[in-house]
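Geometric and topological summary
Listed below are the residues making up each chain.
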Amino acid sequence: MKTASCFCGQCSLEFKHDPMMHFMCHCEDCEVLFNGAFRGFAYTEIDLELKGPHDTYSYEGGSGSLLHLTFCKNCGMNLFSKPDLLEGLVYVFAGLMKEHYTFEPKVEIFAHNRLPWVTRADSVVQTYDHNGTIERVSELLENIDQRG
Ligand SMILES: [Zn+2]
Ligand SMILES: [Zn+2]
């Protein structure tokens, strides 16, 4: 069991297992929303238990389908996003879990938009220029499975 909490501590997350994958997204939305590349841990949704005052904001991602961003109502910190595209998955913000895991991305998407001064991480095994290949990403997810 791994637990994490938002910046103010009112929201808490609990996971039974380890993340399936560490990944980065360099898309333009992430750059604006998160002030840089998104660093996330992919978990199965049923693995996550969320407590505390939270709200969700939904927007259309680069793929054209919705992403649902859940954040703490008190401090506003983003906790995870949930893509319609990959049913049953949540992308948990890497910073939340920093006491449990060292972030080592295996996959990066929308790499064509990577900021010029950001280098490709050594740990990355698969780079996608956009996510038109999301099916392949989900395949990869099954293969890479970083759970211990
Ligand atoms: Zn909070
Ligand atoms: Zn993105």
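Residues numbered from 1 in each chain as written. Chains lettered and ligands numbered in written order. Predicted model: local features only at pLDDT ≥ 70, side-chain atom pairs only at ≥ 80, totals over all residues.

Looking only at helices and strands, one finds 2 helices and 11 strands in the protein. Ordering the α and β elements of the protein from the N terminus gives β-β-β-α-β-β-β-β-β-β-β-β-α. Of all 148 residues assigned to the protein, the portion counted as buried reaches 28%. Within the protein, residue pairs in contact and separated by at least 24 positions form 53% of the contacts whose partners lie at least 6 positions apart. (Helix = DSSP H or I, 4+ residues; strand = E, 2+ residues; numbered from the N terminus. Buried ≥ 20, exposed ≤ 12 C-beta atoms within 10 Å, placed from the backbone. Contact = placed C-beta atoms within 7 Å.)

This paragraph deals with the confidence of the model for the protein. The predicted model of the protein has a mean per-residue pLDDT of 90, with 88% of residues at 70 or higher. Ranking the elements of the protein by mean pLDDT puts helix α2 (residues 134-144) last, at 64, and strand β5 (residues 48-51) first, at 97. (pLDDT = per-residue confidence, 0-100.)

On to the sheet that holds strand β1 (residues 2-5). Read from one edge to the other, the open sheet built from 3 strands follows the order β1-β2-β5, with strand pairing classed as antiparallel. Looking along the sheet, the strands with just one partner apiece sit at the ends: β1 and β5. Averaged over neighbouring strand pairs, the angle between their axes works out to 20° when direction is ignored. (Pairing = 2+ DSSP bridges. Axes fitted to C-alpha atoms, helices over the stretch in contact; angles between N-to-C directions.)

Looking at the secondary structure, you find Ser123 in the loop between β10 (107-109) and β11 (126-127). Linking Ser123 and Phe103, residues 20 residues apart in sequence, is a C-alpha distance of 9.6 Å. Residue contacts for Ser123: discarding those within four places in its chain leaves Glu104, Pro105 and Lys106.

So, on to the sheet that holds β11. If you walk across this open sheet you meet the 8 strands as β6-β7-β8-β9-β4-β3-β10-β11, and the pairing is mixed. Here the strands that pair on one side only, and so sit at the sheet edges, are β6 (54-60) and β11. Here strand β3 (residues 21-25) pairs with β10 via 3 bridges, running parallel. Bridging from a neighbouring strand, Phe23 pairs with Val107 of β10.

With 29 residues, the main nonpolar core has Cys25, Leu79 and Val92 as its most contacted residues. Of all elements in the fold, only β2 (12-15), β3, β4 (38-44), β8 (78-83), β9 (89-93) and β10 reach the threshold of two or more residues within this core. When sequence neighbours within four positions are dropped, the list of residues in contact with Val92 reads Gly40, Phe41, Tyr43, Phe80 and Met97. (Core = buried A, V, L, I, M, F, W, Y, C linked by C-beta atoms within 7 Å.)

In this structure, β1 lies alongside β2, joined through 4 bridges in antiparallel fashion. Counterpart to Lys2 in the pairing with β2 is Phe15. Where β1 hands over to β2, the hairpin turn is made up of 6 residues, of which Gly9 adopts a positive phi near 95°.

Bringing unusual backbone geometry into the picture now. Phi is positive for Asn35, close to 60°, though the residue is something other than glycine. On the basis of neighbour counts, which here come to 7 C-beta atoms within 10 Å, the residue Asn35 falls in the exposed class. Although it is not a glycine, Phe110 sits at a positive phi angle of roughly 55°. With respect to the element layout, Phe110 can be found in the loop between β10 and β11.

Burial along β2 is one-sided: the face carrying Leu13 and Phe15 is buried and the face carrying Ser12 and Glu14 is not. Inspection of the sheet shows β2 paired to β5 by 4 bridges, in the antiparallel sense. Bridge assignment links Phe15 to a residue of β5, and that residue is Leu48.

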